[in-house]
Amino acid sequence: MKILKVTGGNALSGGIDIQGSKNAVLPVLAASLLTEEKVRIYHCPRISDVADMLSIMEYVGCKCAWHKDCLELQAACLNNDAICGALTRNLRASILFLGALLARKQEVRLAYPGGCKIGARPIDIHLDALARLGVALSDENGEICAKGKLHPGHVNLKFPSVGATENLLLAAALSEGTVHISDAAREPEIVALCEFLTLMGAEITGAGSREIEIHGKKRLHGTEYTIPADRIVAGTYALAALACGGNLQLHGPAAPDLAGQYPVIAKAGAHMFFRRNTWHVEASGHPKSVGLIQTGPFPAFPTDMQSPMLAAMLRSEGCTSIADTIYPERFGIVGELRKMGADVSRDGTVARICGTKQLHAAALCAGELRGAAGLVIAGLQSEGETVISGVSYIERGYEDICRDLQQVGADIRMEETGAVLSKA
Ligand code: UD1
């Protein structure tokens, strides 16, 4: 079993090249199945969610090869359209194969997706939208069965779901006619998927707005694409600097992608500016409380930043509350932070944190990806050596959090222990 050992107290200074975005690359990988031709994806993060996605792609017949950070994919011939639970249970993004395989084969059988335990994660919006565009859907022995060619039409999403918007775009890209999506998600990852599909030959208007229109093509072709920098990884490191003090240069993220998080981190006391795709963050290590933060669909504060933010405020002046409107149960980190002496509590869907002067090291257990990142930020501020288990969660989305943070002066390392913990 892998554990992380973090000793707090160091300010963070220096530069970090921000890895490719997890949430952008996963739908782009699914979209690579829409052509028989070769696709090259650059700046692809080496994270376990990508590895799990590739296992599914290889299973259905796609050839996948790494050349440094470039992933070369070719789905010349797909020989499998049934994906079992053993392949989907680790990964929420496995639901994206529904749209992609439907588009390519007009038939797919897919076990329900798994992923981090952050509360109920229904897929009714995905299924309703596909059904409204003529896809026949059924549940057979706990698997989703979808059949048919998508019709042109107009769907109005009842909530701007990121995954449902992506699934519709994937399903529509090889359909004949026009699909119009109203109340579509506006996240930067939707824009990235639309850029990729456009490079493959699809015609799309409105990416990044509430109204997206996609004109599918009979065939899409191979292309090359560079995955944008991960706005959540960049935000995690900015919060580490806010909490510990220091001066970071985060290379890669685009300023508009940080809408939602940037103003909140600034309000908490970090001095920040952007120059040529580098996010400069300078902080004293004494954050100020920011009142109430509410997560929401882009451009609101991202749900993925909620736990890291909570951890960054552990030693702030005053109290801050965070309400997660996207995943109201996503507060698994609260109990772990209390083990360090943090003054943090949860009242229903709101977590409240009041700064304390000192935190002590503890043995902590991560239960999901962004919560794990929050525990690292907590460890970086506490006295003594914090030991974090559940490292596999971090590896789902952070390519090498030790490398990145060591580079800017943090005392953090990963170790193998003999102990084996059963996975929840
Ligand atoms: C969400 C986040 C995304 C983040 C990801 C992983 C939002 C809007 N989306 O994406 O930025 O990267 O988690 O942490 O912040 N829902 C339904 N039925 C559905 C689909 C979704 O009720 O069929 C609900 C969800 O329960 C949730 C909300 O809609 O409350 C957002 O869902 P969605 O955007 O689809 O979630 P993810 O794609 O997982």
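Only a predicted model underlies this, so the values are computations on that prediction, with no experimental measurement involved. (Residues numbered from 1 in each chain as written. Predicted model: local features only at pLDDT ≥ 70, side-chain atom pairs only at ≥ 80, totals over all residues. Heavy atoms only, no water.)

A. How the structure looks around the packing of aromatic side chains. One pass over the full model with this rule turns up four aromatic pairs. An aromatic cluster of three or more residues is present, and its members are Tyr262, Phe274 and Trp279. The ring of tryptophan 66 carries arginine 46 above its face, with NZ or CZ at 3.9 Å from the centroid. (Phe/Tyr/Trp six-rings, centres within 6.5 Å; stacked < 30°, edge-to-face > 60°. Lys NZ or Arg CZ within 6 Å of the ring centre and 35° of its normal.)

B. Expanded view of the site of the ligand. With respect to spatial proximity, 20 residues lie near the ligand, and among them Asp124, Ile125, Ser161, Asp304 and Ile326 are the closest. Glycine 163 places a polar main-chain atom, nitrogen or oxygen, 3.1 Å from an oxygen atom of the ligand. Within the backbone of isoleucine 326, an N or O atom sits 2.6 Å from an oxygen atom of the ligand. Listing elements by their share of the shell around the ligand, those giving two or more residues are helix H5 (124-132) and helix H6 (162-172). Its residues placed into classes, the shell around the ligand shows nine nonpolar, five polar and six charged. Structurally, the shell around the ligand is a two-domain feature, drawing no fewer than three residues from each of domain 1 (2-19 + 230-416) and domain 2 (22-226). (Near = heavy atom within 4 Å. Polar contact = N/O pair within 3.5 Å; in protein donor to acceptor, adjacent residues only side chain to side chain. Helix = DSSP H or I, 4+ residues; strand = E, 2+ residues; numbered from the N terminus. Nonpolar A, V, L, I, M, F, W, Y, C, P; charged D, E, K, R; others polar. Domains from an automatic or database assignment.)

C. View of the sheet that holds strand S22 (residues 363-365). With respect to topology, four strands assemble into an open sheet ordered S22-S23-S1-S24, the strand pairing being mixed. On the outer flanks of this sheet lie S22 and strand S24 (411-416), each paired with one strand and no other. Taking the axes of each pair of neighbouring strands and ignoring which way they run, one obtains an average angle of 25° across the sheet. As judged from the four bridges shared by strand S1 (residues 2-7) and strand S23 (residues 385-389), these two strands associate in the antiparallel manner. (Pairing = 2+ DSSP bridges. Axes fitted to C-alpha atoms, helices over the stretch in contact; angles between N-to-C directions.)

D. Seen up close, the environment of arginine 92. On the secondary structure map, arginine 92 appears in the loop between helix H3 (85-88) and helix H4 (96-105). Along the backbone, arginine 92 and proline 113 are 21 residues apart, and their C-alpha atoms lie at a distance of 5.0 Å.

E. How the structure looks around the sheet that holds strand S9 (residues 143-147). Taking strand neighbours across the sheet as the criterion, the four strands line up as S6-S7-S9-S8 in an open arrangement whose pairing is mixed. The outermost strands of the open sheet, each flanked by one partner alone, are strand S6 (82-83) and strand S8 (136-140). Taken together, the five bridges between S8 and S9 define a ladder with antiparallel strand orientation. Within S9, the residue paired with glutamate 140 across the bridge is glutamate 143. Set on the sheet, H4 makes contact with S6, strand S7 (107-111) and S9; between it and S7 the angle comes to about 160°. (Contact = heavy atoms within 4.5 Å.)

F. Highlighting the packing of helix H1 (residues 22-31) against helix H7 (residues 188-199). Contact geometry of H1 with H7 gives a least axis separation of 9 Å together with a crossing angle of 30°. The angle between the axes of H1 and H7 places the two elements in the roughly parallel class. Along this stretch, H1 crosses H7, giving a crossing that reads as right-handed. In this structure, H1 uses Asn23, Ala24, Pro27, Val28 and Ala31 to contact H7, whose residues at the interface are Glu189, Ala192, Leu193, Phe196 and Leu197. Among the residues forming the contact of H1 with H7, the class breakdown is eight nonpolar, one polar and one charged. (Parallel < 35°, antiparallel > 145°, perpendicular 65-115°, else oblique. Left-handed = near helix turned anticlockwise from the far one by under 90°.)

G. Quick look at the state of the cysteines. What the rule picks out here adds up to one disulfide. Note that cysteine 319 is cross-linked by a disulfide to cysteine 354, the S-S spacing being 2.0 Å. Between cysteine 319 and cysteine 354 the sulfur-sulfur dihedral comes to about 110°; the bridge is accordingly right-handed. Taken as a pair, cysteine 319 in strand S19 (residues 319-323) and cysteine 354 in strand S21 (residues 350-354) lie far apart in primary sequence, 35 residues in all. (Disulfide = S-S within 2.5 Å.)

H. Seen up close, the packing of H5 against H6. Following both chains from N to C, one finds H5 and H6 inclined at 30°, their axes separated by 8 Å at the closest point. Looking at the two axes, H5 sits roughly parallel to H6. Between H5 and H6 lies a crossing whose hand is right-handed. In contact with Ile125, His126, Ala129 and Leu130 of H5, H6 contributes Gly163, Ala164, Asn167, Leu168 and Ala171.

I. View of the domain arrangement of the protein chain. In terms of domains, the protein chain is made up of domain 1 (2-19 + 230-416) and domain 2 (22-226). On a C-alpha basis, the centres of domain 1 and domain 2 stand 30 Å from each other. The partner domain 2 presents 25 residues to the 23 residues of domain 1 that form the contact. Regarding the contact of domain 1 and domain 2, the summed buried area is about 1,900 Å², with carbon and sulfur atoms giving 54% of it. The largest share of the area that domain 1 buries against domain 2 comes from Phe298, Tyr327 and Arg396, three residues that together contribute 36% of it. Inspection of the domain 1/domain 2 interface yields two salt bridges. Run the count over domain 1 and domain 2 and you get ten residue pairs in polar contact (both at pLDDT 80 or more). Elements that contribute at least two residues to the side of domain 1 that touches domain 2 include exactly helix H12 (369-381) and helix H13 (391-395). (Buried area = accessible area lost by both parts, 1.4 Å probe. Salt bridge = Lys/Arg side-chain N within 4 Å of Asp/Glu carboxyl O.)

J. Summary view of the pattern of salt bridges. Applying the stated criterion to the full structure yields 24 salt bridges. The closest approach of N and O atoms between glutamate 329 and arginine 346, which form a salt bridge, is 3.1 Å. Of the two residues, glutamate 329 is situated in the loop between S19 and helix H11 (333-338) and arginine 346 in strand S20 (residues 343-347); the sequence distance between them amounts to 17 residues. Salt bridges sharing common partners tie together Lys5, Glu385, Arg413 and Glu415.

K. Broad picture of empty space enclosed by the protein. Scanning all chains against the criterion turns up one cavity of 30 Å³ or more. A volume near 50 Å³ is recorded for the largest cavity. The wall of the largest cavity is formed by Leu102, Ala103, Gln106, Gly148, Lys149, Leu150, Ala171, Leu174 and Ser175. Residues that form the lining of the largest cavity fall into these classes: five nonpolar, three polar and one charged. (1 Å grid on protein atoms, 1.4 Å probe; cavity = no way out; pocket = protein on both sides within 12 Å on 5 of 7 lines; lining within 4 Å. Points joined across faces, edges and corners; volume = space filled by probe spheres on them.)

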